[in-house]
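# Understanding the architecture of this molecule
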Amino acid sequence: MQDAVLDISILEENSAHWRENMTAFVLAIMRCFQEHPWLCDIPASGIPITPNHLRIVDWALRMMSDLPLDHREKISIVVLLTSHARVHSFFSTGYGPCRPDRR
């Protein structure tokens, strides 16, 4: 079910600066978490191996293909940005520990 929700439309890379493309990437991930807040309840563990997880990782790596970084650094950036999107969405949807029914 999680993989089905992650079947998001992947924007075509354009001639925009890599930062603009990565911003669009993060916003798309955030939108996914905000539309399906229960995704935040699923523990993030291990390497993403489902088809749509891999599509999303591949999307980000393609946008960074011209950056002077090795693969480990690029994967670290993907993990950082997707983690940021997850945590930001978790709290911005009121799904975090401050919700009245979670006290």
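Structure's up top.
Read on for a plain summary of the structure. Because the structure is a prediction, the values reported are computed rather than measured.

## Here we look at helix H4 (residues 71-92)
For H4, spanning 22 residues, the distance from its first C-alpha to its last is 31 Å, which sits close to the expected 32 Å at 1.5 Å a residue. Listing the buried residues of H4 in full gives Lys-74, Val-78, Ala-85, Arg-86, Ser-89 and Phe-90. In a view along the axis of H4, the buried residues occupy a sector of 140°, so they form one face of it. Projecting away from the buried face of H4 at angles above 90 degrees are the exposed residues Arg-72 and Leu-80. If you follow the buried residues of H4, they end up packed against helix H2 (18-35) and helix H3 (51-63). The residue sitting at the N-terminus of H4 and contributing the capping side-chain oxygen is Asp-70; that oxygen lies 3.1 Å from the backbone nitrogen of Arg-72.

Basis of the calculations
- Residues numbered from 1 in each chain as written.
- Predicted model: local features only at pLDDT ≥ 70, side-chain atom pairs only at ≥ 80, totals over all residues.
- Heavy atoms only, no water.
- Helix = DSSP H or I, 4+ residues; strand = E, 2+ residues; numbered from the N terminus.
- Expected span 1.5 Å × (residues − 1).
- Buried < 20%, exposed > 50% of the residue type's maximum accessible area, 1.4 Å probe, protein only.
- Arc of directions from axis to C-beta.
- Contact = heavy atoms within 4.5 Å.
- Polar contact = N/O pair within 3.5 Å; in protein donor to acceptor, adjacent residues only side chain to side chain.

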